[in-house]
Amino acid sequence: MSRPNNFVILGGGISGLSAAWYLSRYASSTTKILVLEGSNRFGGWIKSKRVGQHKILFEQGPRTLRPNGIGGSVVLDMVNKLNLTPSLHAVTKDDDAAKDRFIYYPDKIVKLPGTSLLSSMKSVFTNNFLLKSIPSILFEPFIKPARNYHDETIHEFISRRFSKSISDILISALIHGIYAGDINKLSIRSTFTRLYNLEQKYGSVIKGLLMSNKEEFLSQQDKYLLKIINDENKDFLSIFKNVSLYSFKDGIEQLSSAIVNDLKNKENVQLKTNNQVTKLEFGENVKIFTNEAVYEADHVISALPSRALYYILPEKDVLPHLSYNPSVSVATINLAYAHPKILPVKGFGYLIPQSTPHNPYHVLGVVFDSNAMPLQDEPSRTYTKLTIMMGGHYFNSISEKDDFPKKEILLQQSIEILEKHLGIYSTPLYYLVDIQKNCIPQYYVGHYSRLKELHYAIKNHYANRLSVTGASYWGISINDCVLNSAKLVLNILSNSPNVVTGLEEVEIQNEHYL
Ligand SMILES: Cc1cc2nc3c(=O)[nH]c(=O)nc-3n(C[C@H](O)[C@H](O)[C@H](O)COP(=O)(O)OP(=O)(O)OC[C@H]3O[C@@H](n4cnc5c(N)ncnc54)[C@H](O)[C@@H]3O)c2cc1C
């Protein structure tokens, strides 16, 4: 089988851009690479905007990156190669302003146990629901494991192994912060994969945490990739040992913009916006129809949301799983106050569990941006900046009818919430309100099995013509998206005779437990 030489990448979010970037670095310089983006800009959900006279930075999508794990290393390697180091803004693990995290339960802000033993003990002993969870953690190692490869909801797994209240209060809050999703629907296997793997291998999460090492569940390819990156960036990566989060001076969009600028300098790369892909036709080559033109490729990499890919494929019944998972919509309300110190607590922000009794506006959480990333605005520390996230799975029914609350109403509700939760009565100097429609894919129970079927279906029907990457498959964080695009490109460019779909991990993952 000859290696493809003419790639079209569908979608110019971080997944599509990074696939193009890796191809541009590692494929031969005669390889043609075209990125087709439907909207008028690149970056997808990454949206960093400066607002008002003081050019305050508001993030409407992702706001922070984590340096840990293989995905963290892959993105840092990219950051290093794109010369973004001078723009880095890092928060260290011991930074007082950002390290504490809170939940709102049942009707007040409660500090979660952190890294300091003393303050953790204080929060456990002063909050009944935290105190009550201790026995279920101690007894977890004695609970029988589920049968092999059994998937279930996050709520079922955590209630079975720990307790219903840990699931309802702590885990549902966490899931609001990551997926804006419902713990009664999301798959444990595809969201908290490590916890799932620990039970599968050690019969207990706690036992597994004590006995496993960090690299235990990495595939051979992951280990190889990690070694190369660690060897190449040893000094640079060591700086991040004490970093918990980072971003850039002008926000996360600096990363996607840097990739775009780098790609623009490559002769074999073309980037096109305003090219909404409407149809794919598979023959000897693949024909890609957009509202602007028809393009041809010998290999198409889809970095679109899986449902968007579903709608442009010629035979809908071949890959039905592409349309199975919904995506939730999230309202983001960014506010900046002209006072540096209006928050009653120091910390990163707070999340609201699904079980919090009175949450009429469906708030998922509030991020204290000016604590988390204090130096993105000039002059620093003069403002208090917050982002309120609302909706997510709570918006599911109105999402179908596209009947979202009006922006003025969302703003009013946010101001009311901040009065009630944080005692903030001031009027914001700047604000930005938007609804990010269908922005976070929800990995419902059975996601892994569906990926497996999808892998074989792509292999059988579109072998070596189509592969997939993006937030719909193996993780939604920027780290996951970049890592999966990197692995996909390396697989395509390797000399292996295997068909590459982007989902081949399903063929090797089970080996961990055999
Ligand atoms: C509010 C919010 C907060 C988040 N916070 C964080 C965070 O703090 N840290 C973190 O790591 N992650 C965070 N995430 C997750 C992360 O930002 C996303 O999962 C990631 O950006 C998805 O990238 P992607 O390229 O896979 O998809 P997308 O960004 O969805 O890109 C897909 C692209 O395809 C284009 N497209 C769609 N259909 C077509 C078509 N038919 N033809 C051509 N183009 C098309 C779209 O316009 C889009 O540009 C957050 C996400 C959201 C929404």
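That block above? That's the structure.
Residues numbered from 1 in each chain as written. Predicted model: local features only at pLDDT ≥ 70, side-chain atom pairs only at ≥ 80, totals over all residues. Heavy atoms only, no water.

(A) Quick peek at the site of the ligand. Among the 29 residues in the neighbourhood of the ligand, the closest are listed as S15, E37, V277, I476 and I478. One nitrogen or oxygen atom from the main chain of G38 is found 2.9 Å from a nitrogen atom belonging to the ligand. T64 places a main-chain nitrogen or oxygen 3.0 Å from a nitrogen atom of the ligand. Relative to its free-state accessible area of 1000 Å², the ligand is covered by the protein chains to the extent of 87%. Listed by contribution, the elements that provide at least two residues to the shell around the ligand are α1 (14–26), β18 (430–441) and α19 (478–493). (Near = heavy atom within 4 Å. Polar contact = N/O pair within 3.5 Å; in protein donor to acceptor, adjacent residues only side chain to side chain. Areas by Shrake-Rupley, 256 points an atom, 1.4 Å probe, with all protein chains shown as cover. Helix = DSSP H or I, 4+ residues; strand = E, 2+ residues; numbered from the N terminus.)

(B) Spotlight on helix α11 (residues 220–232). Along its 13 residues, α11 runs 18 Å from first to last C-alpha, staying within 8% of the 18 Å computed at 1.5 Å per residue. Along α11, the residues classified as buried are D222, L225, L226 and I229. Seen end-on, α11 carries its buried residues on one side only, within an arc spanning 100°. Residues Q220, Y224 and K227 are exposed on α11 and point more than 90 degrees away from its buried face. Lining the buried residues of α11 we find α2 (69–81), α12 (234–238), α19 and α20 (505–508). (Expected span 1.5 Å × (residues − 1). Buried < 20%, exposed > 50% of the residue type's maximum accessible area, 1.4 Å probe, protein only. Arc of directions from axis to C-beta. Contact = heavy atoms within 4.5 Å.)

(C) Representation of the pairing of strand β6 (residues 101–104) within the structure. Two strands pair when backbone bridges link them, and β6 and strand β15 (residues 349–351) are joined in this way by three bridges, in the parallel orientation. In the sheet register, R101 faces β15, and the bridge partner there is G349. (Pairing = 2+ DSSP bridges.)

(D) Structural view of the sheet that holds strand β11 (residues 286–290). Taken together, the three strands give an open sheet; going across it, the order is β10-β11-β12, and neighbouring strands pair in antiparallel fashion. Because the sheet does not close on itself, it has two edges, and the strands there are β10 (277–282) and β12 (294–297). Adjacent strand axes in the sheet meet at a mean angle of 20°, parallel and antiparallel pairs treated alike. Alignment of β11 against β12, held across four bridges, turns out to be antiparallel. Following the sheet pairing, V286 is matched in β12 by A297. (Axes fitted to C-alpha atoms, helices over the stretch in contact; angles between N-to-C directions.)

(E) Expanded view of the environment of V277. Turning to its location among the elements, V277 is positioned in strand β10. The exposure class assigned to V277 is buried, which follows from its relative accessible area of 11%. Along the primary structure V277 and F289 are separated by 12 residues, whereas in three dimensions their C-alpha atoms are 5.7 Å apart. The residues touching V277, leaving out its near neighbours within four places in the chain, are L10, L36, I288, F289, T290 and I312.

Function cannot be read off these values alone, since they describe shape.
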